[in-house]
Amino acid sequence: MRAVVRREGRLELEEDWPEPQPGPGQTLVKTLACGICGSDLHALDHLERMAAFSRRMGSATSIDPARGVVFGHEFCAEIIAHGPQTTGRLPPGTRVVAMPMAMGPDGMELVGYSSRFNGGFAERMVLTESMLLPVPDHLPAAHAALTEPFAVGEHAVARAAAPADAVVMVLGCGPIGLAVIAAAKARGLGPVIASDYSPARRQAARKLGADVTVNPAEQNPFGLWEAHGVAPTAAARSRAVACGETPRPAVIFECVGAPGMLQAVIEGAPPLARVIVVGACMEEDRIEPLMAINRQLSMEFVLAYEPQEFALTLGRIASGQIDAGAVITWEASLDETARAFRLARQAGEHVKIVVNPQAA
């Protein structure tokens, strides 16, 4: 079958990648759409480091960069056939999404970051039957494929447990930051302040419900706290309390994942703010803990999602509560995947690129 394979930091289209074979409890599917994730961009350059880190963390990974790896964990697919020890509850021809996990000899592996289970930048994949969710007929495959990244935002917002009167700030409006905005607005939170250098991403943030969008090159987003009822400093908070006022709580979602961002958040956060770290920084970083201590910040690092959050997100996209189409700026063919990766690095024009491996 045809697949886009990562080898030595490059993507190559191969015409004869091995056909996947479903094992016990697994289902063979053909990929209809697969989104390019920021993690894929990182992995293209740093897969060897990621593989070493996975082993260091004790993950059940089979990543062997020397063998070539097929990325792609944000997908919508169509069932072809079920393997042994499956129920067949969804018949062939059913369109599905699924959490990108499959059972290997040593435990669960992440589809698309595995040398055993290729991802969605291939014509066919193997998925775990028990994780399959049927996609409603009216929902375009490219929109359904974004269940995975939008579920990441749902999980981050769920973990934040923001009170109803919280002022929400989202730093970075790439696909994950946009997913956070969508999840926050689905809960009725606001105002939501979204910050990004890219006009295209700020426009997408507004489509998904952001109340205020900021270009940090022109305006410091941390300068907006007081205008929205948040005491920006300990002194300001003390004055407000002395006057019988109750400053609004602040929740900050760091969705950039670049070195220096955590320190920037610590310096710009108001007292008692809650910081949710969603962006995956692939490098070592440094912070000044005493500054966070003085401001009594709470900081939580989040990963992925729970099964119920994944299913909830599919339902929100299907109902139109989340406009997944608002973030899609190009639907590429498998032949165009390498170019799509290059363009995805450029935040100016594109927000989310989805690949259709079945397109001519």
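Residues numbered from 1 in each chain as written. Predicted model: local features only at pLDDT ≥ 70, side-chain atom pairs only at ≥ 80, totals over all residues. Heavy atoms only, no water.

The name that an unreviewed UniProt entry assigns to the protein chain is Zinc-binding dehydrogenase, with the source organism given as Camelimonas abortus.

## Structural notes on the UniProt feature "domain: Alcohol dehydrogenase-like C-terminal" (unreviewed entry) in the protein chain
If you check UniProt for "domain: Alcohol dehydrogenase-like C-terminal" (unreviewed entry), the listed places come out as residues 175-316 in our numbering. Taken as a whole, residues 175-316 contains 38% helix and 14% strand, while its terminal C-alpha atoms sit 16 Å from one another. (UniProt positions renumbered as here; feature names shortened; annotations may be inferred. Helix = DSSP H or I, 4+ residues; strand = E, 2+ residues; numbered from the N terminus.)

## Some points on unusual backbone geometry
Leaving glycine aside, a negative phi is the common case for residues, and trans is the common case for peptide bonds. For the bond from Gly-190 to Pro-191, the omega torsion is 5°, close enough to zero to count as cis. For Pro-191, the location among the structural elements is in the loop between α4 (175-186) and β11 (192-195). Backbone geometry places Ala-304, a non-glycine residue, at a positive phi of 55°. The class for Ala-304 is partly exposed, based on a relative accessible area of 29%. (Buried < 20%, exposed > 50% of the residue type's maximum accessible area, 1.4 Å probe, protein only.)

## Section: helix α5 (residues 199-207)
Listed in full, the buried residues belonging to α5 are Ala-200, Arg-201, Arg-202, Ala-204 and Ala-205. Tucked inside the fold, the buried residues of α5 contact α4, β11 and β12 (212-214). Of the residues that open α5, the one with a side-chain oxygen 3.3 Å from the backbone nitrogen of Ala-200 is Ser-198. Positive backbone phi, approximately 115°, marks Gly-209, located one or two places after α5. (Contact = heavy atoms within 4.5 Å. Polar contact = N/O pair within 3.5 Å; in protein donor to acceptor, adjacent residues only side chain to side chain.)

## Observations concerning the pattern of salt bridges
Taken as a whole and judged by the stated rule, the model has 17 salt bridges. The partner of Glu-12 in a salt bridge is Arg-10, with the nearest N and O atoms 3.5 Å apart. Glu-12 sits in the partly exposed class, given a relative accessible area of 26%. For Glu-74, the salt bridge identified is with Lys-352, shortest N-O distance 2.7 Å. Here Glu-74, found in strand β4 (residues 74-82), pairs with Lys-352, found in strand β17 (residues 352-356); they are 278 residues apart in sequence, far enough to count as distant. Across the pair, exposure class does not vary: Glu-74 and Lys-352 are buried alike. Each of Arg-7, Arg-10, Glu-12 and Glu-14 takes part in a single network of salt bridges with overlapping partners. (Salt bridge = Lys/Arg side-chain N within 4 Å of Asp/Glu carboxyl O.)

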